[in-house]
Amino acid sequence: MATILSIETSTEVCSVALSSEGQILEHHENYDGPTHATLLSAYVKDALDYVRTRELKLDAIAVSMGPGSYTGLRIGLSEAKGLAFGMDVPLIGINTLQLLVVSAMFNNFFDEDDLIYVPMIDARRMEVYTAAYNPALEAVVEPQAMILDEQSFASLLDSHKVVFMGNGSTKAKDVIKHPNAIFIDGVKPVALEMTALAEKAFRESRFIDVAYSTPLYLKEFQATTPKKKVL
């Protein structure tokens, strides 16, 4: 098993976790909003201090690649790239939507074997970043930006129980009224839940390029112009 430092900054949560041999050694999370720029480096320092004082060998850096917040993803990936380059260890990219699914599966029990999992990350208004996965994390619907309406995932819902989770699923609950829809509240992408995905990627040597990797944005960034104050 590997010792891996995981970083997750794709939503309002800022989190870092250190794992070794499948066990969590240290983790930090903050749920109070976009605090990545001020907290991330301190969390990373604490994890690296743990590695140094216990004389461990860090084998890889894992980072959540999105989709999610443009700013959060850039901050997290920049930090991860700098660490991987400076420490000469490989970089692992984790799909944030798959991370939400893993969190839902690990923390909830379902009797059905043919469930479909639909993670959703808020993309403002009625739009979400989403996909659909079977229990083996194989994509049934590829990651995409989707504007929700009452027909969203209708064909899947007609043939499967579908589990919705993530901060975008609250909006889905208001428009998707199907008896096969299951909504799980409170599932957030955090570094603590990245361990299984990161270790699997490490075993399979699925690493990403330290210099040229970019976040999974799913749609182009659109800057907005601040409104002028009325005097």
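Okay, so let's go over this structure.

**Quick look at the pairing of strand β3 (residues 23–30)**
Examined bridge by bridge, strand β2 (residues 14–20) and β3 share seven bridges and lie antiparallel to one another. The residue bridging S19 from the neighbouring strand is I24, located in β3. What sits between β2 and β3 in their antiparallel hairpin is a turn of two residues, with E21 showing a positive phi close to 55°.

**Let's talk about the packing of aromatic side chains**
All told, the structure shown has five aromatic pairs when counted by the stated rule. Centre to centre, the rings of F153 and F164 are 6.0 Å apart; their planes meet at 70°, and the pair counts as edge-to-face. One end of the pair, F153, is in the loop between β8 (139–147) and α4 (154–159); the other, F164, is in strand β9 (residues 162–165), and eleven residues separate them in sequence. Neither residue differs from the other here; F153 and F164 are each classed as buried. Between F202 and F207, the aromatic rings sit 5.9 Å apart at their centres with planes inclined by 65°, giving edge-to-face as the arrangement. Put simply, the rings of F153, F164 and F183 touch in pairs and so form one group of aromatic residues.

**Things to note about the environment of L25**
Turning to its location among the elements, L25 is positioned in strand β3. Its relative accessible area of 28% is what places L25 among the partly exposed residues. In this structure the C-alpha to C-alpha distance between L25 and R203, which are 178 residues apart in sequence, comes to 20 Å. Each residue touching L25, except ones within four places of it in the same chain, is listed here: L18, S19, S20, Y50 and L56.

**A closer look at the sheet that holds β2**
A sheet is described by the order of its strands in space; here five strands give the open sequence β3-β2-β1-β4-β5, paired in mixed fashion. Every other strand in the sheet has two partners, leaving β3 and β5 (91–95) as the edge strands with one partner each. The average undirected angle you get between the axes of adjacent strands in this sheet is 20°. Alignment of strand β1 (residues 3–8) against β2, held across six bridges, turns out to be antiparallel. Of the residues in β2, the one forming a bridge with I4 is S19. Sitting on the sheet, helix α1 (residues 36–53) is in contact with β1, β2 and β3, with an inclination near 15° to β2. Docked against the sheet, helix α3 (residues 96–107) engages β1, β4 (60–66) and β5, running at close to 70° with respect to β5.

Reading guide: rules and limits
Residues numbered from 1 in each chain as written. Predicted model: local features only at pLDDT ≥ 70, side-chain atom pairs only at ≥ 80, totals over all residues. Heavy atoms only, no water. Pairing = 2+ DSSP bridges. Helix = DSSP H or I, 4+ residues; strand = E, 2+ residues; numbered from the N terminus. Phe/Tyr/Trp six-rings, centres within 6.5 Å; stacked < 30°, edge-to-face > 60°. Buried < 20%, exposed > 50% of the residue type's maximum accessible area, 1.4 Å probe, protein only. Contact = heavy atoms within 4.5 Å. Axes fitted to C-alpha atoms, helices over the stretch in contact; angles between N-to-C directions.

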